[in-house]
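Working through the structure, step by step
In case you want the letters, here they are:
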Amino acid sequence: MEWFSSPSHAVCGAHHTRRGQNNGQTQQGAAVVEFALVLPLLLLLLIGGIDMSLALYDKAVITNASREGARAGIVARNPPISEAEIRQVVQAYTQSALINLGPGQTPPTVSIEQGSLGADLTLKVSVSTTFQGIGLGDLFSSLGQPWVLQSSTVMVYE
């Protein structure tokens, strides 16, 4: 009786060990498949986050550029600064500061309007640029509507 029960335990133990190894390999295979399914979503979130950060940075750059242009235009000078010089101030500010990831980034568009606010003369400087990021800018462009960032600043003449 003892002799018969010993080998059966040995065989059962070996069989149990083999089944445990197969189970571990199956779990590893399932983890690889799950990772392969989740990886595109994680990459989409990562690239989307980077693109949104770049877009917010570029928005801040064109906002500051419009402020610099408006400030240059309203400061009392003799002779007054021309619209071409205001555009040059804005272009100089954005040239080194905007992040360009796409092929052939065009310089930002600058528009200048003089108006009045009550009895005060005002100057409005508007700047717009097309955003080209890693993925989202290209996605919007392929849908037919490029992602345009715009900013305006209105200041009263001194």
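That block above? That's the structure.
Residues numbered from 1 in each chain as written. Predicted model: local features only at pLDDT ≥ 70, side-chain atom pairs only at ≥ 80, totals over all residues. Heavy atoms only, no water.

1. Side note on the overall build of the chain
Helix and strand content of the chain: three helices and three strands. Starting at the N terminus, the α and β elements of the chain follow one another as α-α-β-β-α-β. Out of the 158 residues belonging to the chain, those deemed buried represent 25%. Restricting the contact set of the chain to residue pairs at least 6 apart, pairs at least 24 apart contribute 66%. Surface exposure of the chain reaches about 10900 Å², of which carbon and sulfur atoms provide 61%. (Helix = DSSP H or I, 4+ residues; strand = E, 2+ residues; numbered from the N terminus. Buried < 20%, exposed > 50% of the residue type's maximum accessible area, 1.4 Å probe, protein only. Contact = heavy atoms within 4.5 Å. Areas by Shrake-Rupley, 256 points an atom, 1.4 Å probe, with all protein chains shown as cover.)

2. Some words on empty space enclosed by the protein
The tally for this structure, following the rule as stated, stands at one cavity of 30 Å³ or more. When its volume is computed, the largest cavity comes out at roughly 30 Å³. Lining the largest cavity we find Asp58, Leu98, Ile99, Gln105, Thr129, Thr130 and Phe131. Here the lining of the largest cavity gets three residues from one element, more than from any other, and that element is strand S2 (residues 120-131). (1 Å grid on protein atoms, 1.4 Å probe; cavity = no way out; pocket = protein on both sides within 12 Å on 5 of 7 lines; lining within 4 Å. Points joined across faces, edges and corners; volume = space filled by probe spheres on them.)

It is worth stressing that arrangement in space is one thing and function is another; only the former is reported here.
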